[in-house]
Amino acid sequence: MFKNILFWCEFPERINWQKLNTFFKNQDFVADIGIVCTSKQDYLGKAKNISKLSNVKLKRAWPVLSKLEGYWFSSQTSRKSIDSLDQYKGMKIKLDIEPPLPTINSYKRNKFVMDAWLASQMFKKGKNQKYLWKKVHELIKSGDVMLSTFSFPRFIAKRMGVLYDKKLSYNYIYYSSFIPKFLRGLYNAYMSRFIKQKLKFDSETYFAVGLLTPGIFNDEPCYKLISELDHDLKFLLKRGVKNCVVFRLGSFLELKDSARWLKVIKKYSQH
């Protein structure tokens, strides 16, 4: 059983919160969530509304930038955009450390572009790596900061902007839906070693499974079967993972048989 299960909410404006709350209430489940926000004021406004819900509990802010500014944070992010993090001092936040969002709105129609983009970014060190690290160090003096990123080797992650510090918490992406079936055996072999390494650094590290439904690119590869989600959750538990993230919250208003998908998650939850 997982100690904690979080759900990232990337598109809060799409959600009928009362309907979602009723769904969780009917399933006897309380969802702990982190939510996208563009500013502290934006977050507080959303938090005020969510606080009225009985079965959705807001645990963490998820600051993002405009798509023009790159959406995610990384060593390539401008100093001005990095400075926008000052407003979140003293808060519980999650920062995605990923290369700047490419200017496309479809994953499937641009798969070659996406693969080339990711390959080109893996070894690219932005000029503001140390400035981002300085800002993160400032944030953890008074707040709780989680860094979320790809499951890349340490030297690549550091180039991208990932800071390693015992005062930080971490969430690593384990999205098997992106991996062709014939390569999943190799992927899982790599992830087994990766998970062991990361849990040795911090036994409370989170790993994210998905995708239930598409994210920012609108048509990313997603689970086709509920059994795939079940497999991934078992895979993490067998390797000693205590904390899990499911991407994404709004999926439960989009999936067919949402209750069956949630049933699998509930099976591995302590709550």
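Cut-offs used in this document
- Residues numbered from 1 in each chain as written.
- Predicted model: local features only at pLDDT ≥ 70, side-chain atom pairs only at ≥ 80, totals over all residues.
- Heavy atoms only, no water.
- Helix = DSSP H or I, 4+ residues; strand = E, 2+ residues; numbered from the N terminus.
- Buried < 20%, exposed > 50% of the residue type's maximum accessible area, 1.4 Å probe, protein only.
- Contact = heavy atoms within 4.5 Å.
- Areas by Shrake-Rupley, 256 points an atom, 1.4 Å probe, with all protein chains shown as cover.
- Lys, Arg positive; Asp, Glu negative; His and termini not counted.
- Charge placed at Lys NZ, Arg CZ, Asp CG, Glu CD.
- Core = buried A, V, L, I, M, F, W, Y, C linked by side-chain atoms within 4.5 Å.
- Patch = residues over 30% accessible without salt bridge, like charges linked within 9 Å, V, L, I, M, F, W, Y side chains within 5 Å.
- Salt bridge = Lys/Arg side-chain N within 4 Å of Asp/Glu carboxyl O.

### Looking at the overall build of the protein chain
Along its length, the protein chain carries 9 helices and 8 strands. Dimensions of the protein chain along its principal axes, counting C-alpha atoms only, are 50 × 45 × 40 Å. For the protein chain, buried positions account for 56% of its 271 residues. In the protein chain, once contacts between residues fewer than 6 apart in sequence are set aside, the share between residues at least 24 apart is 77%. If you sum the accessible surface of the protein chain, you get close to 13100 Å²; carbon and sulfur atoms cover 55% of it. Distance from the positive charge centre (49 side chains) to the negative charge centre (23 side chains) of the protein chain: 3 Å.

### Observations regarding the side chain of Ser-251
Its location among the elements puts Ser-251 in the loop between β8 (243-247) and α9 (258-267). Take Ser-251: its relative accessible area is 0%, and that puts it in the buried class. Among residues more than four places away in sequence, those in contact with Ser-251 are Leu-212, Thr-213 and Ser-258.

### Let's talk about the nonpolar core
In terms of nonpolar packing, the biggest core is built from 70 residues, with Phe-7, Trp-17, Phe-24, Leu-236, Leu-249 and Phe-252 touching the most fellow members. Here Leu-236 is in contact with Phe-2, Tyr-174, Ile-195, Phe-207, Val-209, Val-241 and Cys-244, once residues within four sequence places are set aside. Listed in part, the 26 residues of the second largest apolar core include Leu-101, Trp-117, Ile-156 and Ala-208.

### Concerning a positive patch on the surface
Together, Lys-125, Lys-130, Arg-154, Lys-158 and Arg-159 line one region of the surface with positive charge. The dominant element in the positive patch, judged by the number of residues it contributes, is helix α6 (residues 154-160), at 3 residues. Counting through the fold element by element, Lys-158 comes out in helix α6.

### So, the side chain of Lys-135
By secondary structure assignment, the location of Lys-135 is in helix α5 (residues 129-139). In contact with Lys-135, not counting residues within four places along its chain, are Ile-82, Asp-83, Leu-85 and Asp-86.

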